[in-house]
Amino acid sequence: MSNTEVPVDQVGTVPTPSTFDKVEHRADTVRKTMANRIGSAVAIVIALLWTVPTVGLLITSFRPERDIKTSGWWTFFSNPTVTTDNYVSAMTSSSINLSNYFVNSLVITIPSVLIPITIALLAAYAFAWIDFKGRSILFVGVFTLQVVPIQVTLIPLLTQFVNWELNGSFWVLWLSHSIFALPLAIFLLHNFMTEIPRELVEAARVDGAGHVKIFFSVLLPLLVPAIASFAIFQFLWVWNDLLVALTFAGGDNAVKPLTVYIADLSGTRGADWHLLSAAAFISMIVPVIIFVGLQRYFVRGLLAGSVKG
Amino acid sequence: MVFAVALFAAAMGLILFGVSRLKRPRKWVLAAAFVGPAVLGLLFGLVYPALTTIKASFYDAKGNNFIGVDNYARALSEDAFQKVLGNTAIWVILVPLLSTGIGLVYAILVDRSKFEKFAKALIFLPMAISMVGASIIWKFMYDYKAVLENVPAARQPKQIGLLNQVIIWMGGEPYNFLLNGPWNTLFLIVVMVWIQAGFAMTILSASIKAIPDDIIEAARLDGVNAWQMFSHITVPSVRPSLVVVLTTIAMGTLKVFDIVRTMTGGQFGTSVVANEFYTQSFRQGNEGLGAALAVILFIIILPLIVYNVRQMKKTEEVR
């Protein structure tokens, strides 16, 4: 910002009318640099506060168990001893065995992303391009369902799943995550679809293409960015979810995802920081990779859909 | 999993294939094929359960006897629940204000700086990790080793939580952050602020960048200082986004229970409505009361959402 620097040797010259403006300007510049300095300092403090907690736990996860229990992680810098034991025992020891829950998380998440996007794409297409009776009422209805908090639906759903003897299987999680994602997915994809020029669709229709053909060959390629941003959202949401998983899979080790297991671990073995720290980072690896790699799409999705119900 | 995805794909393919084979399909057949799965899912997974829960909130613990508004009366009048409601109010007021404030200030400070991308990524990263993960990270920050009596300072157990060590370095006594009310609620709120500030920063940064350059240039020519620029130019220009961010975070905060459950389990007077709902429904076996709490949550969220949607429509009209 301060690109008008005043030479140092002018300091102390008598402010004659011709140099007076310059002095005034210099005072201004000094004030601005001061403001900039304070601003930068504040920014650095915030950045540190936001980074240090994670870094501390990350360092901890690589320290030997004895060290973790007897000294703070900051002493690592004077006495750096690194080990991957914590990760090995978190992943493979018979009492913890996170690898199972890691696989569970993947198995839960992947269909829970694919299914709602497919269903939402079809519905959004119909709402945007098929002119049927009651269309706008139905669309408003779907959109409004965003207001229903998930908590309200849990117990009746659980009762149904128990009646159908689906309880404790992945089906329950796939089904619930997919349904909970639908209102927002339909809404967002519909918004993107209506932005596609009408002529494009009309032209395809004149060429004799049916709805299915138009959907796949005209619209789908144009929607890839929108789909990607929603997919990342849904992925992070499902991977990081605790409430839904706890309700439908909380008691069953065969389907429990990482989040539920780590929350349990934190309750039962809250002092075992060598395991907890490694476990926390194992659960973060996938979302952080997705996040860092696809940040562009994620931010775009955030800006388009900042109003999540 | 592969089987389920294949099954789903096959079902979808069948519907689409059927539709494409029809020579002159009727409108409603088409509409049903495309919208049908979504509508069925929503009816089963959202509409029907929501109605059932509202009904259950007027019944007793086992759902057998109609007891009118007793559950609501209990939820609103008993001391323990008033504490829960009070905590929830503190969460919903503090989290949006703090995260939005920090996000806004940070977005302005790093705007157009050399390290903007990197600096933003640092604040934004907590958004990617689960609230359970974030809770573990902060539980470690807050970790507390009890001070032993009659033991010299040199032989006291070493603190492994950074915050308590900082207190000791500054000459204070270690403090049990999560146990002592009423401040422990504030220390839980810190975690949510830590997660949400990145969201606020991203949205606000985008709308700061959308402020036309000539307005900023004109203000600069008028010789406004940094504070005037902030209060007269930046804040009014991003007001619509501020509202969206505040209400969105407030809604998210109302529903959050991961942090409370992982860090304190709702003990020591830290419970919030979303957590109490879970405790009542699944631990205490009082489904009627749990349902009432869920409905109360819904009623509190509703005006926020209505307001948010109206605000969003307004900004769209302006655009």
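Residues numbered from 1 in each chain as written. Chains lettered and ligands numbered in written order. Predicted model: local features only at pLDDT ≥ 70, side-chain atom pairs only at ≥ 80, totals over all residues. Heavy atoms only, no water.

## As for the interface of chain B and chain A
Our working rule: Whether two residues touch is decided by their heavy atoms; if any such pair falls within 4.5 Å, the residues are in contact. Once two parts are joined, some of their accessible surface, as seen by a 1.4 Å probe, is lost; buried area is that loss totalled over both. Salt bridge, as used here: a side-chain nitrogen of Lys or Arg that lies within 4 Å of a carboxyl oxygen of Asp or Glu. Think of a polar contact as two N or O atoms within 3.5 Å of one another; within protein, one of them needs to be a possible hydrogen donor and the other a possible acceptor, and neighboring residues in sequence only count if both atoms come from side chains. Only DSSP runs of H or I covering at least 4 residues are called helices, and only runs of E covering at least 2 are called strands; the numbering of each starts at the N terminus. Residues are grouped as follows: nonpolar covers Ala, Val, Leu, Ile, Met, Phe, Trp, Tyr, Cys and Pro; charged covers Asp, Glu, Lys and Arg; every other residue, Gly included, is treated as polar.
Taken residue by residue, the interface counts 91 residues in chain B and 95 residues in chain A. Interface area for chain B against chain A, summed over the two sides, is near 8300 Å², with a carbon-plus-sulfur share of 83%. On the chain B side of the contact with chain A, F34(B), F44(B) and F140(B) bury the most area, a combined 9% of that side's loss. Where chain B touches chain A, the interface holds zero salt bridges. Taken together, the links from chain B to chain A amount to nine residue pairs in polar contact (both at pLDDT 80 or more). Per-element tally for the side of chain B that touches chain A: the top contributor is helix α2 (residues 27-56) of chain B, with 19 residues. Taken together, the residues of the side of chain B that touches chain A sort by class into 66 nonpolar, 15 polar and ten charged.

## Examining the packing of helix α3 (residues 85-92) of chain A against helix α12 (residues 273-293) of chain A
Residues and elements named next belong to chain A. This is how the line gets drawn: Axis definition: a line fitted to C-alpha atoms, over the contacting stretch in the case of helices. Angles run 0 to 180 degrees between N-to-C directions. If an angle is under 35 degrees, it is roughly parallel; if it is over 145, roughly antiparallel; if it lies from 65 to 115, roughly perpendicular; otherwise it is oblique.
Taken N-terminus to C-terminus, the directions of α3 and α12 make an angle of 75°; their axes are 9 Å apart at the nearest point. Regarding the angle of α3 to α12, the classification is roughly perpendicular. Counting all contacts with α3, which are made through N86, Y87, S89, A90 and M91, the residues of α12 involved are H274, L275, A278, F281 and I282. Of the residues contributing to the contact of α3 with α12, the split by class is seven nonpolar, three polar and no charged.

## A few points about the side chain of S281(B)
Structurally, S281(B) can be placed in helix α13 (residues 273-283). In this structure S281(B) touches I155(A), N286(B), E287(B) and G290(B), once residues within four positions along its chain are discounted.

## Some points on the domain arrangement of chain A
All names here are of chain A. The condition is simple: Note that the domain bounds reflect an automated or database-derived domain assignment.
According to the domain assignment, chain A contains domain 1 (19-82) and domain 2 (90-305). Both faces considered, domain 1 and domain 2 share a buried interface measuring about 660 Å² in area, 82% of it formed by carbon and sulfur atoms. Interface area lost by domain 1 to domain 2 is led by L57, S61 and I68, which between them contribute 54%. Summed over the shared surface of domain 1 and domain 2, the result is zero salt bridges.

## So, a nonpolar patch on the surface
Condition: To count toward a patch, a residue needs a relative accessible area above 30% and no salt bridge. Like charges then connect within 9 Å, nonpolar side chains (Val, Leu, Ile, Met, Phe, Trp, Tyr) within 5 Å. In this description, accessible areas are obtained by the Shrake-Rupley approach with a 1.4 Å probe, and a residue is regarded as covered only by the protein chains that are shown. Only protein chains enter the accessibility calculation, which uses a 1.4 Å probe; a residue whose area is less than 20% of its type maximum is buried, one above 50% is exposed, and one in between is partly exposed.
On the surface, I110(A), L114(A), M1(B) and V2(B) cluster together into a nonpolar patch covering about 340 Å² of accessible area. Looking at the element boundaries, L114(A) is found in helix α4 (residues 98-129). Note on L114(A): relative accessible area 41%, which makes it partly exposed.

## What to know about the packing of aromatic side chains
For clarity, the threshold we go by: Any Phe, Tyr or Trp ring, taking Trp's six-membered ring, that has another such ring centre within 6.5 Å forms a pair; planes under 30 degrees apart are called stacked, those over 60 apart edge-to-face, and the others tilted. In this scheme, the term charge over a ring applies when either NZ of a lysine or CZ of an arginine sits within 6 Å of the ring centre and within 35 degrees of the ring normal.
All chains considered together, the criterion is met by 26 aromatic pairs over all chains. In this structure an aromatic cluster arises from ring pairing among W138(B), Y142(B), Y175(B), F177(B), F187(B) and W194(B). Across from the ring centre of Y297(A), 5.1 Å away, lies the NZ or CZ of R296(A), which sits over that ring.

## Section: the nonpolar core
To keep it simple, the criterion reads: Working definition of a nonpolar core: buried Ala, Val, Leu, Ile, Met, Phe, Trp, Tyr and Cys residues. They are joined through side-chain atoms within 4.5 Å.
If you look at the biggest cluster of nonpolar residues, it comprises 198 residues, and the most contacted ones within it are M193(A), F34(B) and W91(B). Considering every element that reaches this core, the biggest residue donor is α4(A), with 19 residues. When residues of this core are assigned to domains, at least three fall in each of domain 1 (19-82) and domain 2 (90-305) of chain A. Among all residues touching M193(A), those that are not within four sequence positions of it are L121(A), A124(A), Y125(A), A128(A), W129(A), F215(A), L219(A) and L223(A).

## Looking at the packing of helix α8 (residues 183-209) of chain B against helix α11 (residues 239-255) of chain B
Between two packed helices, both the angle of their axes relative to each other and the distance between the axes serve to describe the pair. All names here are of chain B. Short version of the rule: Less than a right angle of anticlockwise turn of the near helix away from the far helix marks a crossing as left-handed, whereas a clockwise turn marks it as right-handed.
Running from N to C, α8 and α11 point in directions that differ by 155°, and their axes come no closer than 10 Å. Here α8 lies roughly antiparallel to α11, going by the angle between them. The hand of the α8/α11 crossing is right-handed. Judged by residue contacts, M192, Q196, F199, A200, I203, L204 and S207 of α8 engage S241, L242, V245, T248, I249, G252 and T253 from α11. Looking at the contact of α8 with α11 residue by residue, the classes come out as eight nonpolar, six polar and no charged.

## A look at the environment of V148(A)
Turning to its location among the elements, V148(A) is positioned in the loop between α5 (135-144) and α6 (150-163). For the pair V148(A) and F180(A), spaced 32 residues apart in sequence, the C-alpha separation works out to 9.3 Å. In this structure, V148(A) is in contact with T153(A), L46(B), A50(B) and F298(B), ignoring residues within four places of it in sequence.

## Here's the deal with the environment of G13(B)
Looking at where G13(B) falls in the secondary structure, it is placed in helix α1 (residues 2-21). Between the alpha carbons of G13(B) and G101(B) there is a distance of 49 Å; along the sequence they are 88 residues apart.

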